[in-house]
Amino acid sequence: MRNGFTFKNQHSSEFNVTVKTKSRPIRPSRKSYMTDVPCRDGVYDFSSSNEYGREFYNDRIFSVSMGVCADNLEQMQYTLSKLSLWLCGSGDLIFDDIPLIVWKGRIIDEIIYMPENEGRKAMLEVYFRVEPFGYCIFDNNGPVLDDALWIDSNIPLEMDTYYSFSLSGNGTVNFINCGDRPISPVISVANANGKIKFTLGNKSLTFTAKGNTEVDFEKHIVICDEKSVYVSGEFFEFQPGSNMLSVESQNAVSLRLTFTPKFMYGAVFDDVDWGDDDA
């Protein structure tokens, strides 16, 4: 598969190289936790025996081949020097053929070049280790003008309005996770004043705060006016699709959810049910 890519905000075309994808797994390998028990056929698989009740996954390895051409050996070494500075460390990786997905990756292993044609041509083998799942290039505020979207994409024009809620007290809000992987968002609570309880399914999180508060489900912390707040219960994940979040509050509150959609491979929004006929 011939395609360019962007790494650390620089595109491969800037270096006048040709790129061919060698390996790009469409799903990561799962983390397996198994126990072999005597006098029993097979094994016990504990891969989903955790507080989230789901399997977890390993990083993926992407590999690409890069072809470099130059008029002479001196020019070749100059280009390789530039590439050596670019192809190191970690950063955002975006492939041209799936432009809506950002992979959080880093270069692994040494990069060896194989000279050909008296040093005027070289082939490089580059390996990226990336996180198990890709992130959408935009968060739940929605895409911006230059994002590469199909005209008929199933994304509301004012996507951000689906993630702001006002409650006079107790109530339920429909949080739509428009990705295809579980996520841990940040919920901002404006004008918190007393005890607040979030419940999703059979899991609940309770805290007491006064003032503007952020509940970070990724970092497992609640911050109110820059100070951490004691919590009881447990933090939880939001599954793909509709999540009916129950809110118990002693006073009127405004909620704002912030997250970046995560995907197994490509960003596909076709099956998202936005809950109205205008989405």
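For the structure itself, look to the data block above.
Owing to the predicted nature of the structure, the values given are computational and were not obtained by experimental measurement.

If you walk through the whole model with that rule in mind, you get 24 aromatic pairs. Note on Phe-236 and Phe-238: the rings are 5.5 Å apart at their centroids and 50 degrees apart in plane angle, and the pair reads as tilted. For the residue pair Phe-236 and Phe-238, the accessibility class agrees, reading buried in each case. Between the aromatic rings of Phe-263 and Phe-269, the centroid separation amounts to 5.4 Å while the plane-to-plane angle is 80 degrees, which identifies the pairing as edge-to-face. The rings of Phe-5, Phe-7, Phe-15, Phe-62, Trp-86, Phe-95, Trp-103, Phe-128 and Tyr-265 are connected pair by pair, giving a single aromatic cluster. If you follow Arg-54 out to its NZ or CZ, it ends over the ring of Phe-56, 4.0 Å from the centre. Positioned above the aromatic ring of Tyr-135, the side-chain terminus of Lys-104 is 5.7 Å from the ring centre.

Topologically, Asn-177 is positioned in strand 13 (residues 171-177). For Asn-177, a relative accessible area of 1% corresponds to the buried category. Only 3.2 Å separates the side chain of Asn-177 from the backbone oxygen of Phe-238, close enough to count as a polar contact. In this view, Asn-177 contacts Pro-182, Ile-183, Phe-238, Gln-239, Pro-240, Gly-241, Asn-243 and Phe-259; residues no more than four positions away in its chain are not counted.

This brings us to helix 1 (residues 73-86). Across its 14 residues, helix 1 extends 20 Å between first and last C-alpha, which sits within 8% of the 20 Å expected from 1.5 Å per residue. Buried residues of helix 1: Met-76, Thr-79, Leu-80, Leu-83 and Trp-86, and no others. Projected onto a plane normal to the axis of helix 1, the buried residues spread over an arc of 115 degrees and lie on a single side. In helix 1, the exposed residues that point more than 90 degrees away from the buried face are Glu-74, Tyr-78 and Leu-85. One side-chain oxygen at the N-terminal end of helix 1 lies 3.2 Å from the backbone nitrogen of Glu-74; it belongs to Asn-72.

Okay, the nonpolar core next. Counting 68 residues, the largest nonpolar core has Phe-5, Met-66, Leu-83, Phe-128, Tyr-163, Ile-187 and Phe-198 as its most contacted members. Not counting residues up to four positions away in its chain, the partners in contact with Tyr-163 are Asn-140, Phe-175, Ile-176, Cys-178, Leu-255, Arg-256, Leu-257, Phe-259 and Trp-274.

Here Lys-210 shows up in strand 15 (residues 203-216). Taking relative accessible area as the criterion, Lys-210 reaches 63% and is therefore assigned exposed. Expressed as a C-alpha distance, the spacing of Lys-210 and Tyr-78, which sit 132 residues apart in the sequence, is 60 Å. Apart from residues no more than four positions distant in its own chain, Lys-210 is found in contact with Ala-192, Asn-193, Cys-224 and Asp-225.

This part takes up the pattern of salt bridges. Charged atoms that come close allow side chains of opposite charge to pair. Taken as a whole, this structure holds seven salt bridges when the rule is applied. The residue Arg-30 makes a salt bridge to Asp-45 at a minimum N-O spacing of 2.6 Å. Of the two residues, Arg-30 is situated in the loop between strand 3 (17-23) and strand 4 (34-35) and Asp-45 in strand 5 (residues 44-45); the sequence distance between them amounts to 15 residues. For Arg-30, a relative accessible area of 24% translates into the label partly exposed. Lys-104 is the salt-bridge partner of Asp-92, the closest N and O atoms lying 3.1 Å from each other. Placement of the pair is Asp-92 in strand 7 (residues 90-95) and Lys-104 in strand 8 (residues 101-108), with a sequence separation of 12 residues.

In this section: a nonpolar patch on the surface. Together, Tyr-33, Tyr-44 and Phe-46 give the surface a local cluster of nonpolar side chains, amounting to about 320 Å² of exposed area. Using a relative accessible area of 49% as the deciding quantity, one classes Tyr-33 as partly exposed.

About the criteria used
Residue positions are given per chain, counting from 1 as you read along its sequence in written order. Local features are withheld for residues below a pLDDT of 70 in this predicted model, meaning they are given only at 70 or higher, and side-chain atom pairs are given and counted only at 80 or more; totals for whole chains, interfaces and linings count all residues. For side-chain calculations, the full set of non-hydrogen atoms in the structure is used, while hydrogens and water are omitted. Here the aromatic set is Phe, Tyr and Trp, taking the six-membered ring for Trp, and pairing holds for ring centres within 6.5 Å; pairs whose planes are under 30 degrees apart are stacked, those over 60 apart are edge-to-face, and all others are tilted. The cut-offs for exposure are 20% and 50% of the maximum accessible area for each residue type, with area from a 1.4 Å probe on protein chains only; residues under the lower value are buried, those over the upper are exposed, and the others partly exposed. Here, a charge over a ring is recorded when the distance from Lys NZ or Arg CZ to the ring centre is within 6 Å and its angle to the ring normal is within 35 degrees. Strands are runs of DSSP state E lasting at least 2 residues, helices are runs of H or I lasting at least 4, and numbering of each runs from the N terminus. Here a polar contact is taken to be a pair of N or O atoms separated by no more than 3.5 Å, where protein atoms must pair a possible hydrogen donor with a possible acceptor and residues adjacent in sequence count only if both atoms sit in side chains. We call two residues contacting when some pair of their heavy atoms lies within 4.5 Å. Each residue after the first adds 1.5 Å to the expected span of a helix. Here the arc refers to the directions that run from the helix axis out to each C-beta atom. Nonpolar core, defined: a set of buried Ala, Val, Leu, Ile, Met, Phe, Trp, Tyr and Cys residues in which side-chain atoms within 4.5 Å join the residues together. Counted as salt bridges are all cases of a side-chain nitrogen of Lys or Arg within 4 Å of a carboxyl oxygen of Asp or Glu. What makes a patch is a set of residues exposed beyond 30% relative accessible area and free of salt bridges, joined within 9 Å when like-charged and within 5 Å when nonpolar (Val, Leu, Ile, Met, Phe, Trp, Tyr). Computed by Shrake-Rupley with a 1.4 Å probe, the accessible areas treat only the displayed protein chains as cover when residues are assessed.

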